[in-house]
Amino acid sequence: MTISTILKGHDKDLGGGFIVRRYLPSAVKQAVGPFIFFDHFGPIDVAPGADHDVRPHPHIGLATVTYLFEGAMDHRDSLGTVQRIEPGAINLMTSGKGIVHSERTPKDLVDQPHRTHGLQLWVALPKAFEECEPCFEHTPSAQIPSFQVDGASVRVLMGAAFGKTSPVKTYSQTLYLDVALKADQEIGLAGLPEEAAIYPISGELEIDGVPLALHTMALLDTRSAQRVLARSAAQFVVVGGEPLDGRRYMFWNFVSSRKERVVQAGEDWEAMRFAQVPGETERIPLPRRPADKEPTPL
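Just so we're clear, the structure is a prediction, and the values are computed from it rather than from any experiment. (Residues numbered from 1 in each chain as written. Predicted model: local features only at pLDDT ≥ 70, side-chain atom pairs only at ≥ 80, totals over all residues. Heavy atoms only, no water.)

Trainee: So what about the packing of aromatic side chains? Which residues, and what values?
Mentor: Under the counting rule described, the total for this entry stands at 13 aromatic pairs. Residues Tyr-67 and Phe-69 carry aromatic rings whose centres are separated by 5.3 Å and whose planes lie at 80 degrees to one another, so their mutual orientation is edge-to-face. Summarising the burial analysis for this pair, Tyr-67 and Phe-69 share the class buried. It is Lys-164 that lies over the ring of Phe-147; its NZ or CZ is 5.9 Å from the centre. Across the ring face of Trp-269, the terminal group of Arg-283 is positioned such that the distance to the ring centre comes to 3.9 Å. (Phe/Tyr/Trp six-rings, centres within 6.5 Å; stacked < 30°, edge-to-face > 60°. Buried < 20%, exposed > 50% of the residue type's maximum accessible area, 1.4 Å probe, protein only. Lys NZ or Arg CZ within 6 Å of the ring centre and 35° of its normal.)

Here you go:
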């Protein structure tokens, strides 16, 4: 069977009524290739003055991947980076041994009605890069390979597919595609990595004749090729890659192959030992957990 498992995800309120649908990690499958976190937010009609800002918070051991379909956000981090994130660009923030960042509504949009829609994913860093120096890389939309395959519109956001390679840095085999189909159009997916999933952004899809509902993620059996058919105009993403090189532990925004490192990161945040984001005075406090609850293994 082409589809091995369906993930349904769950809603999570990030504050201020900003709701995301979260698919990874799940009780059924904690990671797809190196992707350990998958949030889909929007489309959301944002009223003037709405507070959807994400205050400064830390990360270790992972890379965040932000991709917008609509709207904009301002990224600031403890390296001094200030970057406006807009639709079509890929923004990769490698936390390594530690970084702090905020995501806020740009000032020109704060008092304007607007829409926001996008995906935020986390990639677990291989053990060899878990404690690397943090960095931020912005790849504009124009630099992302965008082309047609049998009439389908394909963008290679990360990794390589259909003979095209994204310039976005990867730390292990990683695949991230954005595909748009017209009604009754199909595309073949062959040579996918060992672990891969399809997530529909809009429209009605079938994978080898099996319908895939909106707000569900299909984990694929990649030993065979897939044919993806759109019953209506549709857009979907493909994510995947090689499996993680061993177990990871996660607590809040911290990921590591060592449980004690995750605990230490929490203590460092509480003790304000992380570098600060220039110009920021707010911070998200460390969530409380029962004394006997340890970081979650992935």
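Trainee: Describe in detail the pairing of strand E14 (residues 152-158), supporting the description with residues and values.
Mentor: A large share of E14 lies buried, amounting to 6 of its 7 residues. Direction of pairing for strand E13 (residues 146-149) relative to E14: antiparallel, over a ladder of 4 bridges. Bridge pairing links Gln-148 to Ser-153 in E14. Two successive antiparallel strands, E13 and E14, enclose a turn made up of 2 residues, where Asp-150 displays a positive phi of approximately 55 degrees. Here E14 pairs with strand E17 (residues 174-181) via 5 bridges, running antiparallel. Looking at the pairing, Val-156 lines up with Leu-177 of E17. (Helix = DSSP H or I, 4+ residues; strand = E, 2+ residues; numbered from the N terminus. Pairing = 2+ DSSP bridges.)

Trainee: Residues and numbers for the sheet that holds strand E19 (residues 195-202), please.
Mentor: Taken in spatial order, the 7 strands line up as E1-E22-E19-E24-E17-E14-E13 in an open sheet, and their pairing is antiparallel. In this open sheet, the two edge strands, each paired with only one partner strand, are strand E1 (3-7) and E13. Here the strands of the sheet are splayed against their neighbours by 25 degrees on average, with no regard to which way each runs. The pairing of E17 with strand E24 (residues 234-241) spans 8 bridges and is classified as antiparallel. Across the sheet, Thr-174 pairs through a bridge with Gly-241, a residue of E24. (Axes fitted to C-alpha atoms, helices over the stretch in contact; angles between N-to-C directions.)

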